[in-house]
Amino acid sequence: MIIAPSVLTADLSNLAVACKQAVDSGLDWLHLDIMDGNFVPNLTFGPPVIKSLRNALGEKPVFDAHLMVSNAEDCYMDYIDAGCNHLSVHIEAATHIHRLVTAIREAGASVGVVINPGTPVEGVLEILTEIDLVLVMSVNPGFGGQSFIPSVEGKIRRLKQAIDDQVSNGGRPVQIQIDGGVKAHNIGEIASWGVSNFVVGSGLFNDKASVAENLQHIMSSYEQYNG
Ligand code: DX5
Ligand code: ZN
């Protein structure tokens with residue numbers, strides 16, 4: 001299982017320091033929330049900041065860019081050139097999603113498709129053979145610190161069944177990543193639905209405890225639930 005820290009709720013005035021706290025806690029899949037102020041009502045950072053982060057953090061950490069942007073089909077290469085290893089693109093923001101995911105893969109990055117809470121999973125099933133990950137949004141994108149939307153459970157279970165069917169027919173495995181409102185109190189149950197990659201923002205970066213202490217709490221809850 002992977003805990004992917006979302007640095008959105010970290011101290012963005014010290015972004016590299018926040019990322020280093022996560023990496024030093026053993027988390028080397030960093031979830032970078034890219035927002036353009038158009039696809040979502042918030043604006044964060046882009047390729048120049050990512051390039052600086054890559055220089056500061058070295059080559060080891062996986063940079064997972066969650067592209068909450070309206071023009072991913074035009075700008076995806078900028079994120080790969082800036083040092084991202086994985087790009088997740090919203091199905092809601094792509095005119096030609098099949099062409100986009102195959103282009104990202106051909107450019108050498110791993111690729112995920114993101115679906116918002118109101119988006120049916122069926123669209124993703126048509127391209128399940130072309131992707132490495134499905135990112136199921138459990139909040140409406142744009143902000144950290146929101147509450148988990150429990151109705152995504154059914155969607156996740158249907159997606160897991162489709163992936164299991166694909167694998168049993170000799171196809172590639174596909175990770176299910178969840179994003180939004182994941183905390184110590186719900187991570188165990190979410191894992192039981194078939195999720196193996198958990199984006200956690202405010203559950204790790206908050207003023208209650210350090211990243212390491214928060215991570216320990218999350219992991220012990222996960223292990224308690226999943227034995
Ligand atoms: C929301 C982002 C999420 C968010 C997660 O648009 O995609 O990654 O930052 O933050 P929490 O874990 O606080 O909901
Ligand atoms: Zn995200």
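It should be noted that the structure appears before, not after, this text.
Residues numbered from 1 in each chain as written. Chains lettered and ligands numbered in written order. Predicted model: local features only at pLDDT ≥ 70, side-chain atom pairs only at ≥ 80, totals over all residues. Heavy atoms only, no water.

Participant: For this particular structure, what's the right way to read the overall build of the protein chain?
Facilitator: Counting its regular elements, the protein chain contains 8 helices and 8 strands. For a compact globule of 227 residues, the expected C-alpha radius of gyration is about 17 Å, and the protein chain comes in at 16 Å, within 12% of that figure. For the C-alpha atoms alone, the extent of the protein chain along its principal axes is close to 45 × 40 × 30 Å. Every one of the 227 residues in the protein chain was classed for burial, and the buried ones make up 53%. (Helix = DSSP H or I, 4+ residues; strand = E, 2+ residues; numbered from the N terminus. Rg over C-alpha atoms; globule rule 2.2 N^0.38 Å. Buried < 20%, exposed > 50% of the residue type's maximum accessible area, 1.4 Å probe, protein only.)

Participant: Just checking my understanding: could you explain the nonpolar core for this structure?
Facilitator: One broad trend across soluble globular proteins is that nonpolar side chains are buried collectively. Core analysis: the biggest nonpolar cluster contains 71 residues, and I3, I178 and F198 have the highest contact counts within it. With near-sequence residues (within four places) excluded, I3 lies in contact with L27, W29, I187, F198, V200, L204, L215, I218 and M219. A4, L133, L135 and M137 belong to the second-largest nonpolar core, a separate cluster that totals 8 residues. (Core = buried A, V, L, I, M, F, W, Y, C linked by side-chain atoms within 4.5 Å. Contact = heavy atoms within 4.5 Å.)

Participant: Would you take a moment to explain the site of ligand 1 for this structure?
Facilitator: In the vicinity of ligand 1 lie 20 residues, with D33, G142, D179, G201 and S202 positioned nearest. G145 has a polar backbone atom sitting 2.8 Å from an oxygen atom of ligand 1. In this structure, an oxygen atom belonging to ligand 1 sits 2.8 Å away from a main-chain N or O atom of G181. Expressed as a share of its isolated accessible area of 380 Å², the protein-covered part of ligand 1 is 100%. For ligand 1, the cavity whose grid points lie within 2 Å of the majority of its atoms is the largest cavity. Contributing elements (two or more residues each) for the shell around ligand 1: β2 (29–35), β3 (62–68) and β8 (197–200). Among the elements that line the shell around ligand 1, the one with the most residues is β2, at 3 residues. Residue composition of the shell around ligand 1, by class: 8 nonpolar, 10 polar and 2 charged. (Near = heavy atom within 4 Å. Polar contact = N/O pair within 3.5 Å; in protein donor to acceptor, adjacent residues only side chain to side chain. Areas by Shrake-Rupley, 256 points an atom, 1.4 Å probe, with all protein chains shown as cover. 1 Å grid on protein atoms, 1.4 Å probe; cavity = no way out; pocket = protein on both sides within 12 Å on 5 of 7 lines; lining within 4 Å. Sits in = over half its atoms within 2 Å of the grid points. Nonpolar A, V, L, I, M, F, W, Y, C, P; charged D, E, K, R; others polar.)

Participant: Looking at this structure, I do not really get the coordination of the zinc ion (ligand 2). What am I missing?
Facilitator: When four donors bind a metal tetrahedrally, each ideal donor-metal-donor angle is 109.5 degrees, and when six bind octahedrally, the ideal angles are 90 or 180 degrees. Every protein donor of the zinc ion (ligand 2) is listed here as H31 (NE2), D33 (OD), H66 (ND1) and D179 (OD), and their distances to the metal cover 2.1 to 2.3 Å. With 6 donor atoms in place around the zinc ion (ligand 2) and angles of 71 to 175° between them, the coordination shape is octahedral. Here the donor residues for the zinc ion (ligand 2) map to a single chain with the spacing H-x1-D-x32-H-x112-D. Within this pair, whereas D33 is found in strand β2, its partner H66 is found in strand β3, the two being separated by 33 residues in sequence. Judged by relative accessible area, D33 falls into the buried class, the value being 5%. (Donors = N, O, S within 2.8 Å, 3.2 Å for Na, K, Ca; no water. Tetrahedral: all angles 85-135°; square planar, octahedral: opposite > 155°, others 65-115°.)

Participant: Even after reading the chapter, I still don't get empty space enclosed by the protein, so can you show me in this structure?
Facilitator: To find the voids left in a structure, one rolls a probe of water-molecule size over its atoms. This model, assessed by the stated rule, comprises 1 cavity of 30 Å³ or more. Its volume calculated, the largest cavity comes out at about 200 Å³. If you trace the largest cavity, you find 26 residues lining it, with S6, F143, G144, D179 and G180 closest to the centre. At the level of elements, β2, β3 and β8 are the ones that each hand at least two residues to the lining of the largest cavity. If one sorts the elements of the lining of the largest cavity by residue count, β2 sits on top with 3 residues. Grouping the constituent residues of the lining of the largest cavity by class yields 10 nonpolar, 13 polar and 3 charged. (Points joined across faces, edges and corners; volume = space filled by probe spheres on them.)

Participant: Would you take a moment to explain the side chain of S6 for this structure?
Facilitator: Tracing the chain through its elements places S6 in the loop between β1 (2–5) and α1 (15–24). Contact partners of S6, with chain neighbours within four places excluded, come to H31, D33, V199, V200, G201 and F205.

Participant: Whenever I open this one, the sheet that holds β1 confuses me. Can you help?
Facilitator: The pairing of strands in a sheet comes from backbone hydrogen bonds and takes either a parallel or an antiparallel form. The strand order across the open sheet built from 8 strands is β1-β8-β7-β6-β5-β4-β3-β2, with neighbouring strands paired in parallel fashion. Two strands lie at the open edges of the sheet, namely β1 and β2, each paired on one side alone. Geometrically, the sheet is characterised by an average inter-axis angle of 25° between neighbouring strands, direction not taken into account. (Pairing = 2+ DSSP bridges. Axes fitted to C-alpha atoms, helices over the stretch in contact; angles between N-to-C directions.)

Participant: For this particular structure, what's the right way to read the packing of helix α3 (residues 72–81) against helix α4 (residues 97–106)?
Facilitator: Each pair of packed helices can be described by the angle between their axes along with the distance between the axes. In contact at an axis separation of 10 Å, α3 and α4 are set at 15° when each is read in the N-to-C sense. Comparing their axes, α4 and α3 come out roughly parallel. Considering the relative orientation of α3 and α4, their crossing is right-handed. Contact residues: A72, E73, Y76 and I80 in α3; L100, A103 and I104 in α4. A class-by-class count of the residues in the contact of α3 with α4 yields 6 nonpolar, no polar and 1 charged. (Parallel < 35°, antiparallel > 145°, perpendicular 65-115°, else oblique. Left-handed = near helix turned anticlockwise from the far one by under 90°.)

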